[in-house]
Amino acid sequence: MAQLRRAPEIITIAKNLGLQGDDPVAAIMQHCRTRVESWLRAFKGPINLQRLHQVVADRLSIHHVVVSTDQELDDLITEYTRRGELIFRTLRDEFATGTQAITFKLTHPGLGARRHLAVIDGRRERAARVFFGKRHEDSHLLSLSPAQLSFVFRRTHATRANAEEALMDKIAGELAFYPPLFQPDLHQLQRRYGRPCFQLVDDLRDSVCPEASYIATAIAAVEQNETPALLVTARGSAKRGDSGTPPASWALRATSVKASAPAGRVGLMVPWNYRISPDSLIYRIFHDRFAARHDHADERLGTWASSDGSRLADLPVHVEVKKNDDHVLAMITLE
Ligand SMILES: [Zn+2]
């Protein structure tokens with residue numbers, strides 16, 4: 001976050017929007033929130049997450065096109081090149097070289113048609129990113145000044161190398177699971193279980209955000225939770241800087257950790273890349289080929305130790321795990 005605040009491209013976005021203050025990230029996020037809130041206030045009728053996304057797309061005059069197969073991509077290129085949108089001719093090469101989505105300002109929009117077209121590559125392994133990818137492209141338009149909107153052409157790469165893309169992901173995260181709409185549903189559904197769990201993630205996808213991927217929904221359910229909760233992805237990994245073959249520090253580690261705000265307040269935390277305790281169910285299910293793919297246990301976090309001997313706060317926790325091919329997803333809540 002501190003790095004983002006100082007990134008020149010972020011400071012430029014804030015300046016172009018006429019935003020002041022010493023935290024351009026917070027200012028841009030607030031600017032986007034204010035726009036979305038005003039659109040919601042003007043919207044008549046019942047609102048939910050899906051309708052919010054439609055309202056945002058309407059207001060931004062953006063049309064999302066997801067290509068799911070090579071044939072769909074070819075057809076799209078043929079169609080838009082025929083309409084005089086020559087920029088489409090390079091689309092196949094763009095997608096082949098790391099671009100995941102492109103937003104264009106159409107030079108020849110039809111009468112009443114939307115002015116921007118976001119083409120999102122949803123082929124093969126990119127399918128899981130489509131829901132979030134739409135919000136990411138919306139975020140670009142949402143954070144552009146009117147002057148910049150006149151020449152929109154943006155690529156979003158699969159690897160988020162620069163600060164602007166990282167900021168767009170932050171804005172997209174809020175848009176995708178817009179807290180004023182998502183949180184009430186989350187709390188309502190969670191009452192059945194008393195704590196966040198994987199069944200809750202399924203329930204949310206069934207009734208609140210069917211387009212969202214499993215992992216994106218699980219992250220939102222944890223990050224927006226009112227109870228202390230962590231979502232840990234554990235996979236084989238080495239310490240940063242260990243380039244041995246094989247690396248001496250290779251171990252099952254927490255390669256991604258998402259937390260709710262209350263987790264931090266009670267000291268429930270697992271540092272990034274921390275070694276998973278051999279005493280934890282996470283470790284056992286990862287190493288046991290014959291273990292059930294879904295399990296849970298009550299444990300104490302005090303058994304987690306790093307190589308320098310330090311240990312995690314010894315909290316009693318409930319650990320629910322789901323095993324995937326090369327990683328384990330763990331929901332950790334207070335017991
Ligand atoms: Zn982007």
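Residues numbered from 1 in each chain as written. Predicted model: local features only at pLDDT ≥ 70, side-chain atom pairs only at ≥ 80, totals over all residues.

What the domain assignment lists for the protein chain is domain 1 (2-176) and domain 2 (180-334). Measuring from the centre of the C-alpha atoms in domain 1 to the corresponding centre in domain 2 gives 30 Å. Only α4 (49-60) and α7 (130-142) provide two or more residues apiece to the side of domain 1 that touches domain 2. By residue class, the composition of the side of domain 1 that touches domain 2 is seven nonpolar, one polar and no charged. (Domains from an automatic or database assignment. Helix = DSSP H or I, 4+ residues; strand = E, 2+ residues; numbered from the N terminus. Nonpolar A, V, L, I, M, F, W, Y, C, P; charged D, E, K, R; others polar.)

Turning to the nonpolar core, a few remarks are in order. Counting 81 residues, the largest nonpolar core has L230, V232, A234, I282 and A330 as its most contacted members. In this structure, this core is formed jointly by two domains, domain 1 (2-176) and domain 2 (180-334), each of which donates at least three residues. The contacts of L230, once residues within four sequence positions are left out, are V222, V257, K258, A259, A263, L268, V270 and I332. (Core = buried A, V, L, I, M, F, W, Y, C linked by C-beta atoms within 7 Å. Buried ≥ 20, exposed ≤ 12 C-beta atoms within 10 Å, placed from the backbone. Contact = placed C-beta atoms within 7 Å.)

This part covers the sheet that holds strand β7 (residues 294-300). Pairing is antiparallel in the open sheet, where five strands are placed in the order β6-β5-β9-β8-β7. Here the strands that pair on one side only, and so sit at the sheet edges, are β6 (251-259) and β7. The mean inter-strand angle of the sheet, taken between neighbouring strand axes irrespective of direction, is 25 degrees. Here eight bridges tie strand β5 (residues 229-237) to β6, and the two strands are oriented antiparallel to one another. (Pairing = 2+ DSSP bridges. Axes fitted to C-alpha atoms, helices over the stretch in contact; angles between N-to-C directions.)

This part is about the sheet that holds strand β4 (residues 153-157). Strand order in this open sheet of four strands is β1-β3-β2-β4, and the pairing throughout is mixed. Of all strands in the sheet, those with a lone pairing partner are β1 (62-67) and β4, marking the two edges. Strand-to-strand, the axes of this sheet are offset by a mean angle of 15 degrees, without reference to chain direction. Alignment of β1 against strand β3 (residues 116-121), held across six bridges, turns out to be parallel. Residue pairing in the sheet places H63 in a bridge with L117 of β3.

Once that is clear, we can look at the pairing of strand β8 (residues 316-323). Relative to β8, β7 runs antiparallel, the two sharing seven bridges. The partner of H296 across the bridge, within β8, is E320. The sheet contact formed by β8 and strand β9 (residues 328-334) spans seven bridges and is antiparallel. Counted as the bridge partner of E320 is M331 from β9. Taking the residues between adjacent antiparallel strands as the criterion, β8 and β9 are bridged by four residues.

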